[in-house]
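Coordinate inspection notes
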Amino acid sequence: MSDGTTNTASDGETGAASDRTTDVATDGQTDVSTVNTTDVSTVSTTDVSTVSTTDVSTDGTTDAATAAFVAHRNLLFTVAYEMLGSAADAEDVLQETWMRWVEVDLDQVRDQRAYLVRVTTRQALNRLRTASRRRESYVGPWLPEPMLTAPDVAEDVELAESVSMAMMLVLETLSPTERAVFVLREAFGFEYDEIATAVDKTPAAVRQIAHRARRHVDARRPRRSVSVSETRAALESFRRAFETGDVQGLLDVLAPEVVYMGDGGGVKHAALRPVLGADKVSRLMAGFVGRADGAGFAITLGPTMVNGSPALLARLNGEIDGVMAVHVENARITGIYFVRNPEKLSRVASETPLALR
């Protein structure tokens, strides 16, 4: 079905027919471009982050479109975020989805959840293809935007793994369509025919893409992480050693094969390439503390929950400077992901709700 977007198939895979304004969905749903019950100009400035179930229509009843959108908003945001790795871009996708949704004749929509996910997926795919080209010129490593999450996200093992920094980085190695298919199938459990309508492929093609993406991810995904309590213990040992510049203490908690990645976005100082090995990473951390002390800055690390896992919030003289997410195996840290780019720190002060269903 058509939601007004165009499939560019820029990842080299053969796409199905592109969206058309006269397209009729096989499930009997009406193409949104032909629905004129709502003037888009009246909703184009609506901020979907403020939409709530208390929004009512002029006749005093709860607006059905708003109620449906709010009911699935956390799911739609999570879909967009897992595809894009950017909360800011995910919010833009939700805004675009909302603008299309309010044009729809709901009487013609058989499955509102599936419809909204299809629109969100198509908008996210368009944005991802553009973002992929933009990230090629990014200064230094590009890391996903960290988000403060509620404790219940960590309790949902499947959700926590799907949004973890380590997994999000693996997803970056997929093509846009592979990523969409993998996310919808593996994280959200959609059927192949449902995914096919979202990515403009045949169900048979989607099966092949899913198999290829799964094999690709399985070869690169981190081994199963430890429990939340074990991660917190490793972070506390790291925090004490970091703040005191204790190199041996850092070596004790870092795995020999640890990988450090820093994202300053060309705005904050960060290593331009990944740093490999406990010796190099420990000296990098100790040097960072030493330089800050020499410049009169006080560095503190405080516990937080980011992307469903324990993490550390770094402050310089009391001001938020960055977020350190980690991956832990066998009580040692195997991956450190330090996001310092100010444009990626807007979601670390208040919780972002996520959902897989």
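Residues numbered from 1 in each chain as written. Predicted model: local features only at pLDDT ≥ 70, side-chain atom pairs only at ≥ 80, totals over all residues. Heavy atoms only, no water.

1. Quick look at the overall build of the protein chain
Helix and strand counts for the protein chain stand at 12 helices and 6 strands. Taking the contacts inside the protein chain whose residues are at least 6 apart along the sequence as the reference set, 69% of them involve residues at least 24 apart. Of the accessible surface of the protein chain, which amounts to about 15,900 Å², a share of 51% is contributed by carbon and sulfur atoms. (Helix = DSSP H or I, 4+ residues; strand = E, 2+ residues; numbered from the N terminus. Contact = heavy atoms within 4.5 Å. Areas by Shrake-Rupley, 256 points an atom, 1.4 Å probe, with all protein chains shown as cover.)

2. Some details on the side chain of threonine 304
Counting through the fold element by element, threonine 304 comes out in strand β3 (residues 299–306). Its relative accessible area of 16% is what places threonine 304 among the buried residues. Residue contacts for threonine 304: discarding those within four places in its chain leaves Leu148, Ser309, Pro310, Ala311, Leu312 and Leu313. (Buried < 20%, exposed > 50% of the residue type's maximum accessible area, 1.4 Å probe, protein only.)

3. Quick look at the environment of asparagine 307
Examined against the element boundaries, asparagine 307 turns out to sit in the loop between β3 and β4 (309–316). Through-space distance from the C-alpha of asparagine 307 to that of methionine 165 is 7.1 Å; in sequence the pair is 142 residues apart. Every residue in contact with asparagine 307, bar those within four places of it in the chain, is listed here: Tyr81, Glu145, Pro146, Met147, Thr149, Ala160, Val163 and Ser164.

4. Some words on empty space enclosed by the protein
Scanning the model with the defined rule gives 2 cavities of 30 Å³ or more in all. Reported here for the second largest cavity is a volume of approximately 50 Å³. Lining the second largest cavity we find Ala114, Val117, Arg118, Leu184, Phe190, Glu194, Ile195 and Ala198. If you list the elements that add at least two residues to the lining of the second largest cavity, you get α3 (112–135) and α8 (192–199). Residue composition of the lining of the second largest cavity, by class: 6 nonpolar, no polar and 2 charged. (1 Å grid on protein atoms, 1.4 Å probe; cavity = no way out; pocket = protein on both sides within 12 Å on 5 of 7 lines; lining within 4 Å. Points joined across faces, edges and corners; volume = space filled by probe spheres on them. Nonpolar A, V, L, I, M, F, W, Y, C, P; charged D, E, K, R; others polar.)

5. Quick notes on the confidence of the model for the protein chain
For residues with low pLDDT, the predicted coordinates do not support detailed interpretation. Per-residue confidence for the protein chain gives a mean pLDDT of 84; residues scoring 70 or more make up 82%. Here residues 1–45 is a poorly scored stretch, pLDDT under 50, and it has 94 contacts once near neighbours within four places are set aside; other chains count. With pLDDT under 50 throughout, residues 52–62 is counted as low confidence; its partners more than four residues away or in other chains account for 12 contacts. (pLDDT = per-residue confidence, 0-100.)

6. A closer look at the pairing of β4
In regular strands, side chains alternate between the two faces of the sheet. Along β4, 6 of the 8 residues are buried, which leaves the element largely enclosed by surrounding structure. Two elements, β3 and β4, share 8 bridges in a ladder whose sense is antiparallel. Its bridge partner being in β4, leucine 301 is matched across the sheet by alanine 314. Counting the residues between successive antiparallel strands, the hairpin from β3 to β4 contains 2 residues, one of them, asparagine 307, with a positive phi of roughly 50 degrees. (Pairing = 2+ DSSP bridges.)

7. Considering the packing of aromatic side chains
Taken as a whole and judged by the stated rule, the model has 6 aromatic pairs. Ring plane angle 50 degrees and centroid distance 5.7 Å describe the contact between tryptophan 101 and tyrosine 115, whose orientation is recorded as tilted. Of this pair, tryptophan 101 sits in helix α2 (residues 87–101) while tyrosine 115 sits in helix α3; the two residues are 14 residues apart in sequence, bridging distant segments of the chain. Plain terms: the ring middles of phenylalanine 288 and phenylalanine 338 are 6.3 Å apart, the flat faces sit at 85 degrees to each other, and that makes the pair edge-to-face. In this pair, phenylalanine 288 sits in helix α12 (residues 278–294) while phenylalanine 338 sits in strand β6 (residues 332–339), placing the two residues 50 residues apart along the sequence. Directly above the aromatic system of tryptophan 142 lies the positively charged group of arginine 135, at a separation of 3.7 Å from the ring centroid. (Phe/Tyr/Trp six-rings, centres within 6.5 Å; stacked < 30°, edge-to-face > 60°. Lys NZ or Arg CZ within 6 Å of the ring centre and 35° of its normal.)

8. Some points on the side chain of serine 164
Structurally, serine 164 is set in the loop between α5 (157–163) and α6 (165–171). Given the relative accessible area of 14%, serine 164 is considered buried. Engagement of the side chain of serine 164 in a polar contact is seen with the backbone oxygen of glutamate 161, the distance being 3.0 Å. (Polar contact = N/O pair within 3.5 Å; in protein donor to acceptor, adjacent residues only side chain to side chain.)

9. Observations concerning α12
Taking 1.5 Å of rise per residue, 17 residues should cover 24 Å, and α12 covers 24 Å from first to last C-alpha, within 8% of that figure. Along α12, the residues that are buried comprise Ala278, Val281, Ser282, Met285, Ala286, Phe288, Val289 and Ala292. Along the long axis of α12, the arc covered by the buried residues comes to 150 degrees, so they all point the same way. Seen from the open side of α12, the exposed residues pointing more than 90 degrees away from its buried face are Lys280 and Gly294. (Expected span 1.5 Å × (residues − 1). Arc of directions from axis to C-beta.)

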